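# Secondary and tertiary structure notes
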Amino acid sequence: MKRFLYILAAIILLAQLIRPSKVAEPVDPASDLIALTKPTAELEGVLRVACYDCHSGQPRYPWYANITPVNWWLAQHITDGRKHFDATTWGTVPAYQRDHQAKEVMEMMEKKEMPLDSYTWTHADARLTDAQRKQISDFFAAKRDGSWDVEKARRKAAGEIK
Ligand code: HEC
């Protein structure tokens, strides 16, 4: 038993050497969502606290983000999250992609699927009120230009999507 515990401890220690690199990209004012769209200070605060840790190139890392395997789990959230909605590249993606992301954000607010539960367990300040959800949703609604609907129709006609 004792030997088993030593081996386990050694594995856990060695695993600490294998860490994903942290995401820390410079903010490009010509591309960042907040820089470009200038939301109210209140809404900016909500977006930074509740979304930017997984949907931007400037996540804030908690202390436990240094521990393997938690760090891999967080890194996966950031990679996955940014694939769907990335505040850092907001201004540089094609218009229809921006429109699509705005539509998805509105959907997530309505279904209360974001921020992820696992995040709000540890980030109490990211638990959104209904008023905050509406504020986010209305903000993104105003950014929609319908270009995603046009692109979607094109893709359907071309048989690229169902
Ligand atoms: C803890 C990390 C985390 C936080 C915080 C977070 N998200 Fe996400 N988000 C993800 C991940 C991971 C995915 C992709 C997988 C999924 O849909 O669950 C995602 C997906 C999305 C999608 C795409 C959904 C789809 O169906 O394509 C949108 C839009 C989104 N998030 C918006 C937001 C908004 C807005 C906030 C802030 C209010 C937020 N997220 C906060 C991790 C996060």
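Cut-offs used in this document
Residues numbered from 1 in each chain as written. Predicted model: local features only at pLDDT ≥ 70, side-chain atom pairs only at ≥ 80, totals over all residues. Near = placed C-beta within 6 Å. Helix = DSSP H or I, 4+ residues; strand = E, 2+ residues; numbered from the N terminus. Nonpolar A, V, L, I, M, F, W, Y, C, P; charged D, E, K, R; others polar. Buried ≥ 20, exposed ≤ 12 C-beta atoms within 10 Å, placed from the backbone. Axes fitted to C-alpha atoms, helices over the stretch in contact; angles between N-to-C directions. Parallel < 35°, antiparallel > 145°, perpendicular 65-115°, else oblique. Contact = placed C-beta atoms within 7 Å.

To continue, consider the site of the ligand. Around the ligand, a shell composed of 18 residues is seen, among which Cys51, Cys54, Gly81, His84 and Met114 lie nearest. Elements supplying a minimum of two residues to the shell around the ligand: helix H4 (70–84) and helix H5 (95–111). In terms of residues, the shell around the ligand owes the most to one element, H4, which gives four residues. Partitioned by chemical class, the residues of the shell around the ligand number 11 nonpolar, four polar and three charged.

Locating Asn66 in the fold gives a position in the loop between helix H3 (41–50) and H4. On the neighbour-count criterion, Asn66 (12 C-beta atoms within 10 Å) is exposed. Distance from Asn66 to Pro20, taken between C-alpha atoms, is 9.4 Å for residues 46 residues apart in sequence.

On to the packing of H5 against helix H8 (residues 147–157). For the pair H5 and H8, the least separation of the axes is 7 Å and the interaxial angle reads 110 degrees. Here H5 lies roughly perpendicular to H8, going by the angle between them. Along its contact with H5, which presents Ala95, Tyr96, Asp99, His100 and Lys103, the element H8 presents Ser147, Trp148, Val150 and Glu151. Looking at the contact of H5 with H8 residue by residue, the classes come out as four nonpolar, two polar and three charged.

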